[in-house]
Amino acid sequence: MEGPVDPQVVADALGTTPRLPSVDELVASLVQAELDLLLGIESPADAIEPTGWYLLWLASHPDARGRYGIERQRAAFQVAAHIFDLLLSDRSLAPARRQLLVFAGQVAYLGSGEDPNAMALYRRALRPENLDLVTDFDAVALTLGTAILGFDVGYLFDVLRPLRAQVDAVPSVWAVTGVEETIYGAAGLLTRAVWDLLVFLVYGRDHSLDRATDQLKAALTLRVAEGDRLSRWVAYHLLRLCDGLQATSVWRILPPEVPAGTRLAFTLGHPRVLTLWPPQVDLLGPPKQEGAPNVFSQDVTRVLLSMPTSAGKTLVAQLLIAGHLSAGGRSVCYVAPTRSLCDEVRHALRIRFRCMRFRVQVEEPAWWNLHPPEEAADVLVMTPEQLAVRIRTNPQQVIDHFGLFVIDEAHHLSDDSRGWTLEWVLSYLHTATEGRDHRLVLISAALGNREHLAAWLRDGGQAPYEFHRDWRGPRRITSVYTTSPDWSVSEDLPVRGSDDQREMHPLYGQLHIRVGHDHGYRTLRTTEPVGRLVRRWAKGERPHRDNSKSTPFYQCLAPLIASQCGSGSVLAIEATRDGARRLAQAVAGYLEPIQEDPELFRLRGLVRRRLGIDHPLDTLLGKGVAFHYGPLPADVRGALEDALRAGSLRCLVSTTTLAEGVNLAVRTVVVASTGWWGIGGFHETVTGATLLNAIGRAGRATRETEGVVVIAHNGPGGPEQFDQL
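About the cut-offs
Position numbers for residues count from 1 along each chain, tracking the sequence in the order it is written. Local features are withheld for residues below a pLDDT of 70 in this predicted model, meaning they are given only at 70 or higher, and side-chain atom pairs are given and counted only at 80 or more; totals for whole chains, interfaces and linings count all residues. Here the side-chain values reflect all heavy atoms present in the structure, with hydrogen atoms and water set aside. Salt bridges are identified by distance alone: a Lys or Arg side-chain nitrogen within 4 Å of an Asp or Glu carboxyl oxygen. In this text, helices come from DSSP runs of H or I with a minimum length of four residues, and strands from runs of E with a minimum of two, each type numbered from the N-terminal end. Using a 1.4 Å probe on the protein chains alone, a residue whose accessible area is under 20% of its type maximum counts as buried, one over 50% counts as exposed, and one in between counts as partly exposed. Under this definition, polar contacts are N or O atom pairs within 3.5 Å; protein pairs additionally need one hydrogen-donor-capable and one acceptor-capable atom, and for neighbouring residues in sequence, both atoms have to be side-chain atoms. Working convention: axes come from line fits to C-alpha atoms, limited for helices to the stretch in contact. Angles between N-to-C directions cover 0 to 180 degrees. Any angle that falls under 35 degrees is termed roughly parallel, while one over 145 is termed roughly antiparallel, one within 65 to 115 roughly perpendicular, and all others oblique. With the far helix as reference, a near helix turned anticlockwise by less than a right angle produces a left-handed crossing, and one turned clockwise produces a right-handed crossing. Two residues form a contact once any of their heavy atoms are found within 4.5 Å. Side-chain classes are defined by residue name, with Ala, Val, Leu, Ile, Met, Phe, Trp, Tyr, Cys and Pro counting as nonpolar, Asp, Glu, Lys and Arg as charged, and the others, Gly among them, as polar. Directions pointing from the helix axis toward each C-beta atom define the arc. Paired strands are those between which DSSP finds at least two bridges.

1. Description of the pattern of salt bridges
This structure, assessed with the given rule, holds 24 salt bridges. A salt bridge links Glu503 to Arg535; its shortest N-O distance comes to 2.9 Å. One end of the pair, Glu503, is in strand S10 (residues 501–514); the other, Arg535, is in strand S12 (residues 531–537), with 32 residues separating them in the sequence. With a relative accessible area of 13%, Glu503 lands in the buried category. Residues joined in a network through salt bridges with shared partners are Glu34, Asp85, Arg124, Arg475 and Glu706.

2. Focus on the side chain of Glu49
Its place among the elements puts Glu49 in helix H3 (residues 49–60). A polar contact is formed between the side chain of Glu49 and the side chain of Arg97, at a distance of 2.8 Å.

3. Considering the packing of helix H12 (residues 206–220) against helix H13 (residues 229–247)
How two helices pack is summed up by the angle between their axes together with the distance between the axes. In the contact formed by H12 and H13, the axes pass within 8 Å of each other and the chain directions differ by 150 degrees. Here H12 lies roughly antiparallel to H13, going by the angle between them. H13 is crossed by H12, and the crossing has left-handed handedness. Contact residues: H12 offers Leu209, Thr213, Leu216, Lys217, Ala219 and Leu220, while H13 offers Arg232, Ala235, Tyr236, Leu238, Leu239, Cys242 and Gln246. Per-class residue counts for the contact of H12 with H13 are nine nonpolar, two polar and two charged.

4. Some words on helix H1 (residues 7–14)
All of the buried residues along H1 are Pro7, Val9, Val10, Ala13 and Leu14. Viewed along the axis of H1, the buried residues span an arc of 160 degrees, placing them on a single side of the element. In this structure, the buried residues of H1 make contact with helix H2 (23–38), H3 and helix H5 (70–87). Of the residues trailing H1, Gly15 is marked for its positive phi of about 60 degrees.

5. Quick notes on the sheet that holds strand S7 (residues 465–468)
Sheets are built from strands paired through backbone hydrogen bonds, the pairs being either parallel or antiparallel. As summarised here, the arrangement of the seven strands in space is S3-S4-S2-S5-S6-S1-S7, forming an open sheet in which the pairing is parallel. Here the strands that pair on one side only, and so sit at the sheet edges, are strand S3 (360–362) and S7. Going from strand to strand, the sheet's axes swing by 15 degrees on average, the running direction of each strand aside. Sheet topology note: the S3/strand S4 (residues 379–382) ladder contains three bridges and is parallel. Of the residues in S4, the one forming a bridge with Val360 is Val379. Its contacts with the sheet place helix H17 (residues 313–326) against strand S1 (302–306), strand S2 (331–335), S4, strand S5 (402–407) and strand S6 (439–444), and it is angled at close to 160 degrees to S2. Packed onto the sheet, helix H18 (residues 339–353) meets S2, S3 and S4 and runs at close to 170 degrees relative to S3.

6. Brief notes about the environment of Asp206
On the secondary structure map, Asp206 appears in helix H12. Its relative accessible area of 38% is what places Asp206 among the partly exposed residues. Each C-alpha atom of the pair Asp206 and Gln246 lies 9.4 Å from the other, and the pair is 40 residues apart in sequence. Apart from residues lying up to four places away in sequence, Asp206 is in contact with Phe200 and Arg252.

7. Describing the pairing of S2
Among the five residues of S2, five are classified as buried, and the element is accordingly described as predominantly covered. Burial along S2 is two-sided: the residues Ser331, Cys333 and Val335 and Val332 and Tyr334 are all buried. Bridge count between S2 and S5: five bridges; the pairing is parallel. When the sheet's bridge partners are listed, Val335 is paired in S5 with Ile407.

Take a look at the structure:
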């Protein structure tokens, strides 16, 4: 467990304030609440709710930074956000209380620098369609507050239009000069302020931001509305957050040379980008050293970016491409390691760039010969192998046509089978463009040799632009799953036609969870056996495992995966195609069929047309389970990925085809196996950068505040296996 469960973070948050729980008590309560939530126990954090409200008050104090210091303020926000997040797991919360906790959690997450979690928390908020200023003024304040911090632009435009009309009509209805003279004045001013703040974030109009801050200040000091504490409380927090929203806005961070039309492509495109996250601000904002180049500068010809999954690498790449093309640069070559990732990149870029009329296309072997270079797309997405074919066919044409090369998942340089292709492609591009205006951008979530790459990519005497951050939004619960036999229970099994002896012991599943930097591990054990261990031996020999009668490990793992399907979608990584298919079938055996899901109905129709009605994938889809690997048709793979993103699939079992960069919204990632047994012993395929990328799928930013990672270990051992894996 990361973040607020760290005793140091809790100690910084609590300080020496009396009447609060001790560090050990609060950490123990947070850990227990997380474990209860993992087991499906709702409302686990009621006892520590007062601590969350106190820490929010402390961190939100106008003089908090000067009085307590920035470290304690940030830690207080972080712990408070975690407490509110846990409280929201209670599905029986009253609507008003749910909205209150969502807004408080959003404020705390933004204060702690975990911006994506504020948007993810908004997914638990209510979105009433019809709001009335007079009868629903309490709901108006919280609804508008949660929606603006969740950047729900479409909903806000819809709900604010009638509300603003009602506010403007107050003078004629109530015989007053303005809404400020009524008891609904705070809610009315808040309505106008949220509209103006929204206009600034979307269109960058500075006067709208100034007007919004003036209206929020007026709402705070409005005496006639002193009884409307909720609207004034929301106004206070929005006013306090205005500076941060302005400082991280797309309209403030991007350099002046990026045109307004390009910025609008991000604020109006899909998904909307109104503000940037901390690592994106550090990278794209003004240089901290005077005279240092900005990453958008044409003088920066080599860029090396290293950020974890869910830190916003995809958006950074889109911004760099948009800036390059808007400045009149030559076409862009985007290199991704797999076909699945190429298709996803093409889809995302097409949606983003369609308003700018930039053309995006995925490379196909025959297209280059059919279309002359001047008719090619502005952005061409391809694998390293396809780029290698282009270079071998006509290297000068590649150099003349492309001005920017974006290499995604650059850690594939170290891949034993495909890395050499990417290495010689990069070697050629680097050498052929040295001293010219071509730009090479390498992006990765798992670079372990940044210094070597930086030394290799020096353009003449100029070192590459290096940027590395470990920041990520969603926190993670990381665990190791093993099985353990109950030696106290045994059953003798007969062996026909032999004098050998055989005995059976029930197998129980054990989940070893790391709960904090200093608090070791907690172990959860299944209440019922998940399989059996059968041992066999001849007289005078030591007992050995009888694999033909013992339960295979994947079947012991299936109940755990099925139990996590109730909390959100699960992505399980298997090393082989047969393993993926077997595990998917085992998981489906623990789940009930899904009734009347249009997405699954369409998906099953596609599978039947492309693979036949007898294909095992069709039966599995009836329970919201599927398997995914390379030989499946491309349209079927894409449809499976879309269904997982939409939440229609409960579980997708995949080989490493989905571990490398594909953006999938899953709460839980299970690494079911890291390799396979063959000639020469055990062959590891899910390790190093591939393992890090697989783990990074857990808890997607803006969708989840927390992800669960389970690394399955088939063998003896307990928590000590965690560090070895």
